[in-house]
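Okay, here's what each chain looks like letter by letter:
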Amino acid sequence: MTPTRPPRTDNLHGLSAAEAQARLLRDGPNMLPGTTPRSLAAIVLGVLVEPMFLMLLVAGGLYLALGDTAEAIFLLTFVFVVIGITLAQERKTQRALESLRDLSAPRALVMRDDEELRIPGREVVVGDLLVLHEGDRIAADALLLDGQLDANESLLTGEAVPVSKLPGEKHGALFASTLVTRGVGLAEVIATASATAVGRIGEALAATEEPRSGLQLASRRLVRNLTVGGLALATLYFLINWLWNAQGVLESLLASIALTMAILPEEIPVILTVFLALGAWRISQRKVLTRRVPAVEALGAISVLAVDKTGTLTENRMQVAELQLADARFVHEGAVDLAEPFHELVEFAMLATPSDPFDPMEKAIQQFGLHWLTGTEHVHAEWSPDFEYGLSPDILAMTRVFPSGARSQHMLATKGAPEAVVDLCHLDAAPAKEILDQAEAMAARGLRVLGVARGRWQGETPPRSQHDFSFQFLGLLGFVDPPRPEVPAAIAECRAAGIRIIMLTGDHPATAMAIAREVGLSERPDVITGSEIDTLEDQALSERLRHVDVCARLKPVQKLRLVRLLREDGEVVAMTGDGVNDAPALKAADVGIAMGKRGTDVARESAALVLLDDSFASIVAAIRQGRRIYDNITKATRFVFAVHMPIIVLTLLPSLLHWPVLLMPVHIVLLELLIDPACSIVFEAEPESADIMQRPPRPAESSPFAAGNIVVAVVQGIGAAVLLLVGYGVMLGLGIDAMQSRTAVFAALVIGLFALILANRDPEHALMAHGGMGNRWLRLMFIGIVLVLALATGVPYLREVMGLALPTLASLTGTAILLVLTFFWLEGLRLALHAFGRHSQPAPARENP
C-alpha cells in the first residue's frame, strides 16, 4: 500500500465559538436547496384531484340540480372537513419526516478553540478547519492545508476514479458532498451552502425523492384496480336504475355516485403513508434512525441478523488488559508497576499509533502508555512521522516511519494482527508458532490481540509495501472490550423470535468465539475464517453457513459474499457495518444498519438504518417496532375492506330490491368522516401484540393485501351487511316507515363500525377483551362515534339532510337487536377462524436457532 503523509496541525487552532456563531448568522446555514414541506395550496390541490373529492362535488351539483339545497350545502361543506383532515394527516406525517431529516443531517469534525468538535453540517462556516478521515462526506468547499487524501468527485464530474489531493491551491481543492476515499487531512472551508460547486449546479442534486415502498406500489395497483371495477359497477348500476327502475337520469346518476364512493378504498394510501412515516419516527425514539422509510417494511421479515462484534455486542470501551513478551506476561488489573522489559513494547505500540487517535483500540494504547511511561524516555509526543502505511486487505498491519538522527535514517513502528506482524518479521516456523500460540491463548480469554514490532530503514523514497522493511518482533498487547450488559437478553429475544444471529468480525477466531459464548450468541463450537471462506465454492459455503454462527478474520469483500449467499438461500438479511469498505455489503443486505457513533459517512449513506447509540439492543427494539407497524397495517387494511362491504351492500341492494333507498352520498360522507381517523389514528397507535417476539419472521413475500387477509375482511363485512339488510327488510315488512327503518339500520351501521375496529385490532382475543387498554384513541373513537350519531339524529337540520328521524322505541329496539347480532357474528367468526387456524397450523418454516 502506498504510504501517506499524516496531517500536521501545529498552530492551526480553528475559529473561536463566538466567531463561528457570528459567521453563521451572517452567511446562513450550510444547507443546499432541498425538498420543502408541501405548501397549503399544494395540499388543497391534491385534495381537489382525489376521486372521493370529485365524487363529492358531482353529488353536490346533482343535489342542487334536483332542488335539494340542504343536501348540497352539507356535501359541499364537507369538502372543507376533508381538507382539514388531510391537512392534519399531512402535518403529522411531515413533522415525523422532518424529525428524521434533522437526525440524519450530515455532521462534520472541525477545529474550534483549539479542540476537535463534531457539529451538524449545517453549522459549518467559512474559515472552519475540517478534520477529514477516510469515509467522510466533505461538508463544504474547502482547501487542503495539510495531509494527503483521495476524494471521489463523481457527483460533480461523473468520473468514478478518486482524485488525489495535496496541500495547496493547485491540487488541494475539495468540494462539498464529495467523499474522502483514502487518507487524512486538514482543510479550510472557503464556501458553504449555495456558494459551493454542488450548490451552483442547482437544486436537482440536492432534492431527492423517497422511492415508493413495495407495499405502497402494491396498494396503488390495488386501489387502481378497485377504482376501475367500481366505476364499471357504478355505470351498470346507473343503467339498471335508469332503464329498469325507471328513475330519472339525475337520481340514477346520484345513486351510482353513492355506490362509487362506497367502493373506493381511498384510505389504503393514507394508511401506508402515515403508518410508515410515523413508524420511522417511533423507531427513531428507540435510537434507530430510518434513512429510507421503505426499510420499515422489511424489519418485520428479518430472519438473519449479521452483526459486527466491536461496539455492537461489546461496549467499544477498549482497555489494555495484558502484555505478552516471549518469556514474561503483564496483567494490568491490580498492577502497581510496569517492569522495564515491557517498556519497549509499549513505547513502539504508542509510536505505531497517532497521538490523538479516533479508534478505540488506539486510544487505549495511548492512555495505557501515558499512564505507565510518563516521565520516562519512552514517550515521544513531539515526534511526527514522515510516512505511514495504513491497514489494507492484504496486510492487516500499519507502520509509521519516523526520522532517526542521521540523514536518510528512519525508525519503524508497526502494530497489527499477530499473524500479519509475524509475517512482516519473516520469522522461522518455530518462533512464529510460539507467538501465534500465545496470541491464541490470549484470544481464548476473550482478548483482542495486537502484535507490535520495530525496525530501521535507510533511504530517501519509501518502498511501496511494508514487506520491504526488516522488523524485529517485540510482543503482544491484549485488549478487553466487555460485552454490553443488555446484549444477552436482546439475543435471547431474537432467538425466541426465530431470528438467527451471525457474528461477522475481523477479530481473531478465539476472541470471537469467547464473546459469542459469553453473550449467548451461539453454543456451536465451530467458527469459519476468511481464509477458509476463500477456499470454498458458493454452494459449499452456503451449506457451511447453515451450521456456523461465528465468522472471524473477515475482509469486507467476504462480508458482501456472505450477505449475498444468505439472501440467495431465502433469508431476509440485516447487516451492521461502520467502515467505507462495509458500504457494498450494507447496500446488498435487505436492511443495512450503520453505526451512528463510530460509522463513516459513506457507511451511513449506504445503510437504510443508523444506530444512534451503536447498541445491539436498539436493533432488536427496531425489529420489534417493525413487526408492530406491519401488524397494524394488516389490521387497518382488514378493517377498511370489512367496513366497505356493508356500505356497498346497503347502497346497492335496496334499490335492486325496489326498497326505499337506504344509504345516500350524505351518509357515506359521514361514515368516511369516522373511517379515516379509525385507520390513520386508532390502528396506528395500536400497541404491539404480547407474542410479537415469540413468533417466527413473516415470509418476505407476505402482504396485508394477500387474499387470506382480504377474504377474512370481506366475510366479516358481508356477514354484517346481510344482518343489516335483513333487518331493514324485516322492519319495512313490519310496517315501520322508511325513515325510522333507515335510522335504526344507519345507527347500527355506525356503531357496528366500532365493532369492526374491535374485531380487527386483536383477532386473538374476544371483541370486548381488554377494552381500550393500551390505546387511548379507542375510547376517544367510541365517544366520537356516539357524538356523530347523536348529532345526526338530534340536530333537526342534519336529521333532515340525512333523511333520518328521531329514534322511537321501535327503531331503538331494532338498532339494539342488529348490534347484538353483529357482535355475535363477528365473535363467532373470530372463534371459528381461530379454531381453524389452530388445527391447520403448518410446521414452522425454520428451526429456532
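This text goes with the structure placed above it.
This structure is a prediction, so every number in the text was calculated from the model and none was measured. Sequence order as written defines residue numbering, which begins from 1 separately in each chain. Since the coordinates come from a predicted model, pLDDT governs what is reported: local features require at least 70, and pairs of side-chain atoms require 80 or more to be given and counted, while whole-chain, interface and lining totals use all residues. Note that water and hydrogens are dropped before the side-chain values are worked out from all heavy atoms of the structure.

A. Quick look at the overall build of the protein. Per the convention used, a helix needs a DSSP run of H or I reaching at least four residues, while a strand needs a run of E reaching at least two, with both numbered from the N terminus. Counting secondary structure elements, the protein contains 29 helices and 22 strands. Burial here depends on accessible area, computed with a 1.4 Å probe over protein chains only, as a share of the maximum for the residue type. Under 20% is buried, over 50% is exposed, and the range in between is partly exposed. Considering the protein as a whole, with its 849 residues, one finds that 53% of them fall into the buried category. A separation of at least 24 residues holds for 73% of the contacts in the protein among residues at least 6 apart in sequence. Using a 1.4 Å probe, accessible areas were evaluated by the Shrake-Rupley method; residue-level cover was limited to the displayed protein chains. Accessible surface computed for the protein: about 36700 Å², of which carbon and sulfur atoms make up 60%. We call two residues in contact whenever any of their non-hydrogen atoms come within 4.5 Å of each other.

B. Main features of a nonpolar patch on the surface. Exposure above 30% relative accessible area and no salt bridge define the residues that can form patches, which grow by joining like charges within 9 Å and nonpolar side chains of Val, Leu, Ile, Met, Phe, Trp and Tyr within 5 Å. The salt bridge criterion pairs a side-chain nitrogen of Lys or Arg with a carboxyl oxygen of Asp or Glu, the two atoms within 4 Å. Where nonpolar side chains cluster on the molecular surface, the patch consists of Ile73, Leu787, Leu791, Val795 and Tyr797 and spans about 420 Å² of accessible area. Mapped onto the elements, Leu787 comes out in helix 27 (residues 776-794).

C. Seen up close, helix 23 (residues 616-656). Under the 1.5 Å per step criterion, the end-to-end length of helix 23 is 61 Å for 41 residues, consistent within 8% with the ideal 60 Å. By the criterion of burial, helix 23 is predominantly enclosed, with 36 of the 41 residues buried. In this structure Ser615 caps helix 23, since a side-chain oxygen of it lies 3.2 Å from the backbone nitrogen of Ala617. The positive-phi residue at the C-terminal boundary of helix 23 is His658, with phi of around 60°. For a helix, the expected span equals 1.5 Å multiplied by the number of residues minus one. We define a polar contact as two N or O atoms separated by no more than 3.5 Å, with the added condition that, inside protein, one atom must be a possible hydrogen donor and the other a possible acceptor, whereas residues neighbouring each other in sequence contribute only through side-chain atom pairs.

D. Inspection of the pairing of strand 13 (residues 397-403) at higher detail. Burial within strand 13 is extensive, with six of its seven residues counted as buried. Two strands form a pair only when DSSP identifies at least two bridges running between them. Where strand 12 (residues 387-389) and strand 13 come together, three bridges link them in antiparallel fashion. Bridging across to strand 13, Glu388 finds its partner in Arg400. Relative to strand 14 (residues 409-416), strand 13 runs antiparallel, the two sharing seven bridges. Bridge pairing links Phe402 to Met411 in strand 14. Between strand 13 and strand 14, which pair antiparallel and follow one another directly, the connecting turn spans five residues, one of which, Gly405, has a positive phi of 65°.

E. Structural detail: the sheet that holds strand 20 (residues 573-577). Strands sit in the order 8-22-21-20-9-17-19-18 across an open sheet of eight strands; the sheet is mixed. Every interior strand has two partners, whereas the edge strands, strand 8 (288-290) and strand 18 (528-529), have only one. As paired elements, strand 8 and strand 22 (residues 609-611) share three bridges and run antiparallel to each other. Looking across to strand 22, one finds that Leu289 is bridged to Val610.

F. Representation of the nonpolar core. Only buried Ala, Val, Leu, Ile, Met, Phe, Trp, Tyr and Cys residues count toward a nonpolar core, and they belong to the same one when joined by side-chain atoms within 4.5 Å. Of all hydrophobic cores here, the largest spans 129 residues; its most connected members are Leu305, Leu521, Phe616, Phe639, Phe746, Leu753 and Ile757. Sort the elements by how many residues they give to this core and helix 23 lands first, with 20 residues. Setting aside chain neighbours within four positions, we find Leu305 in contact with Cys494, Ile499, Arg500, Ile501, Ile502, Ala574, Ile593, Phe616, Ile619 and Ile623. Counting residues in hydrophobic clusters, the runner-up holds 28 residues, among them Met318, Leu338, Met361 and Ile365.

G. Focus on the environment of Ala142. Position of Ala142 relative to the elements: it lies in strand 4 (residues 141-152). Take Ala142: its relative accessible area is 1%, and that puts it in the buried class. In sequence terms Ala142 and Ala173 are 31 residues apart; their C-alpha atoms lie 6.2 Å from each other. The contact partners of Ala142, leaving out residues within four places of it in the chain, are Leu130, Gly172, Ala173, Leu174, Ala187, Glu188, Val189 and Ile190.

H. Here's a closer look at helix 17 (residues 509-519). Summarising burial for helix 17: nine of the 11 residues are buried, a large majority. Residues Pro509, Ala510, Thr511, Ala512, Met513, Ala514, Ile515, Ala516 and Val519 constitute the buried set of helix 17. Contacts made by the buried residues of helix 17 are with helix 15 (429-444), strand 15 (448-458), helix 16 (487-496), strand 17 (500-504), strand 18 and strand 19 (550-552). Count one or two residues on from helix 17 and you reach Gly520, which has phi positive near 80°.

I. Seen up close, the packing of helix 9 (residues 249-263) against helix 23. For helices, the fitted axis covers only the stretch in contact; all axes are lines through C-alpha atoms, and the angles between them, taken along N-to-C directions, range from 0 to 180 degrees. At a minimum axis distance of 8 Å, the contact between helix 9 and helix 23 shows a crossing angle of 170°. Between helix 9 and helix 23, the angle falls in the class roughly antiparallel. Helix 9 and helix 23 meet at a crossing whose hand is left-handed. Here Ala258, Leu259, Met261, Ala262 and Ile263 of helix 9 lie close against helix 23, whose contacting residues are His644, Ile647, Ile648, Thr651 and Leu652. Residues belonging to the contact of helix 9 with helix 23 are distributed by class as follows: eight nonpolar, two polar and no charged. When an angle is under 35 degrees it counts as roughly parallel; over 145 it counts as roughly antiparallel; between 65 and 115 it counts as roughly perpendicular; any other value is oblique. The hand of a helix crossing depends on one turn: near helix anticlockwise from the far one by less than a right angle means left-handed, and clockwise means right-handed. Gly falls in the polar group here, along with every residue not listed as nonpolar (Ala, Val, Leu, Ile, Met, Phe, Trp, Tyr, Cys, Pro) or charged (Asp, Glu, Lys, Arg).

J. Main features of the sheet that holds strand 12. Spatially, seven strands are ordered 11-10-16-15-14-13-12 in an open sheet, and the strand pairing comes out antiparallel. Both outer strands of the open sheet, strand 11 (329-331) and strand 12, are each paired with one neighbouring strand and no more. Going from strand to strand, the sheet's axes swing by 25° on average, the running direction of each strand aside. Together, strand 10 (319-324), strand 15 and strand 16 (471-480) form the strand contacts of helix 15, whose direction differs from that of strand 16 by roughly 10°.

K. Geometry of unusual backbone geometry. The phi torsion at Arg553 lies on the positive side, around 50°, for a residue other than glycine. Mapped onto the fold, Arg553 is located in the loop between strand 19 and helix 20 (556-568). On the basis of relative accessibility, which here comes to 15%, the residue Arg553 falls in the buried class.

L. Structural context of the pattern of salt bridges. Within this structure, the stated rule accounts for 28 salt bridges. Note that Glu362 is salt-bridged to Lys415, the shortest N-O span being 2.9 Å. With a gap of 53 residues between them, Glu362 in helix 13 (residues 360-373) and Lys415 in strand 14 connect regions that are remote in the sequence. Arg553 serves as the salt-bridge partner of Glu419, at 2.5 Å between the closest nitrogen and oxygen. Highlighted residues: Glu419 in helix 14 (residues 418-424) and Arg553 in the loop between strand 19 and helix 20, separated in sequence by 134 residues. Judged by its relative accessible area of 32%, Glu419 is partly exposed.

Remember that the coordinates give geometry; whether it matters functionally is a separate question.
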